[in-house]
Amino acid sequence: VGSVSGYPSEMRTQWLNDRLAQLNKTADIPGMTELVDKLTDQYAVSTQQGAEFELDWIAAHTDQIRSVGLETVESIDSDGRAKGWKQGVDVVLKDDTAVELKCYDFSRPSYQKGAGVDGPLRQVERDITKQGFSRVELIFDTSFGDMPDAFRQRLETGIDDLRGRFPHVKIDYETWKRKY
């Protein structure tokens with residue numbers, strides 16, 4: 001709500017109604033509680049913006065989604081401790097594709113020079129090696145600007161490298177612009 005506090009009352013009301021509709025639409029998807037926490041707790045603005053992008057994308061694709069951000073463990077010790085904890089992916093689709101959602105402000109100069117690619121590529125590698133996914137997709141928010149050519153080139157080079165190292169895995173990326 002803080003991100004729209006400077007807008008006129010009717011715009012804030014519409015924003016809240018839109019968010020409530022999205023939350024109601026996605027309420028039955030396992031893992032949504034953690035995403036709601038990111039939207040409502042005192043996280044940094046960038047974390048909240050990322051969570052808003054996740055909610056927007058998830059609400060637009062509910063029929064394809066199995067779970068959101070669920071973490072897994074290999075086993076639980078007799079004392080109740082988790083072993084083999086695996087960090088969850090942003091979204092797991094019903095066809096077992098791991099989806100990593102990225103909310104970048106591509107208008108920033110660092111992205112214009114190709115910075116910021118390494119993190120998502122590490123996540124893709126983690127999804128393959130630690131989680132065992134055979135399909136991984138990166139989805140980048142282009143609501144704040146188109147993906148810069150330098151970023152796209154570095155991303156495509158990195159994905160090609162991963163495809164060479166993991167030929168049995170389908171790795172893709174796409175951009176997605178929110179509808180406001």
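Residues numbered from 1 in each chain as written. Predicted model: local features only at pLDDT ≥ 70, side-chain atom pairs only at ≥ 80, totals over all residues. Heavy atoms only, no water.

Asks: Quick rundown of the pairing of strand S5 (residues 98–102)? Include the residues and the values.
Replies: Most of S5 sits inside the fold, with five of its five residues counted as buried. Burial along S5 is two-sided: Ala98, Glu100 and Lys102 and Val99 and Leu101, pointing in opposite directions, are all buried. Here strand S4 (residues 91–93) pairs with S5 via two bridges, running antiparallel. Opposite Val92, over in S5, you have Ala98 as the bridge partner. The loop that links S4 with its antiparallel partner S5 comprises four residues; one of these, Asp96, has a positive phi angle of about 70°. In this structure, S5 lies alongside strand S6 (residues 135–141), joined through five bridges in parallel fashion. Residue pairing in the sheet places Val99 in a bridge with Glu137 of S6. (Buried < 20%, exposed > 50% of the residue type's maximum accessible area, 1.4 Å probe, protein only. Helix = DSSP H or I, 4+ residues; strand = E, 2+ residues; numbered from the N terminus. Pairing = 2+ DSSP bridges.)

Asks: An account of the packing of aromatic side chains is needed here, citing residue identities and associated values.
Replies: Taken as a whole and assessed by the stated rule, the structure comprises ten aromatic pairs. Each ring, one from Phe106 and one from Phe140, has its centre 6.2 Å from the other, and the planes form 45°; the classification is tilted. One end of the pair, Phe106, is in the loop between S5 and helix H4 (109–112); the other, Phe140, is in strand S6, and 34 residues separate them in sequence. Note on Phe106: relative accessible area 1%, which makes it buried. The exposure class assigned to Phe140 is buried, which follows from its relative accessible area of 0%. Each member of the aromatic cluster is reached from another via a ring pair, and the members are Tyr104, Phe106, Tyr111, Phe140 and Phe151. (Phe/Tyr/Trp six-rings, centres within 6.5 Å; stacked < 30°, edge-to-face > 60°.)

Asks: Describe the nonpolar core, with residues and values.
Replies: Counting residues in hydrophobic clusters, the biggest one holds 22 residues, and the most contacted among them are Phe106, Val124, Ile128, Phe140, Phe151, Leu155 and Ile171. Only helix H5 (118–129), S6 and helix H6 (149–165) provide two or more residues apiece to this core. No other element matches H6, which puts four residues into this core. Core analysis: the second largest hydrophobic core is formed by 17 residues, Met32, Leu39, Ile58 and Ile65 among them. (Core = buried A, V, L, I, M, F, W, Y, C linked by side-chain atoms within 4.5 Å.)

Asks: How would you sum up the pairing of S6? Please name residues and give values.
Replies: Strand residues, when the strand is regular, have side chains that alternate between the two faces of the sheet. With respect to burial, S6 is a largely interior element, six of its seven residues being buried. Direction of pairing for S6 relative to strand S7 (residues 170–176): parallel, over a ladder of seven bridges. Looking at S7, one finds that Glu137 is bridged to Asp172. With H6 bridging S6 and the parallel S7, this β-α-β connection has right-handed handedness. (Right-handed = clockwise from strand over helix to strand, strands pointing away.)

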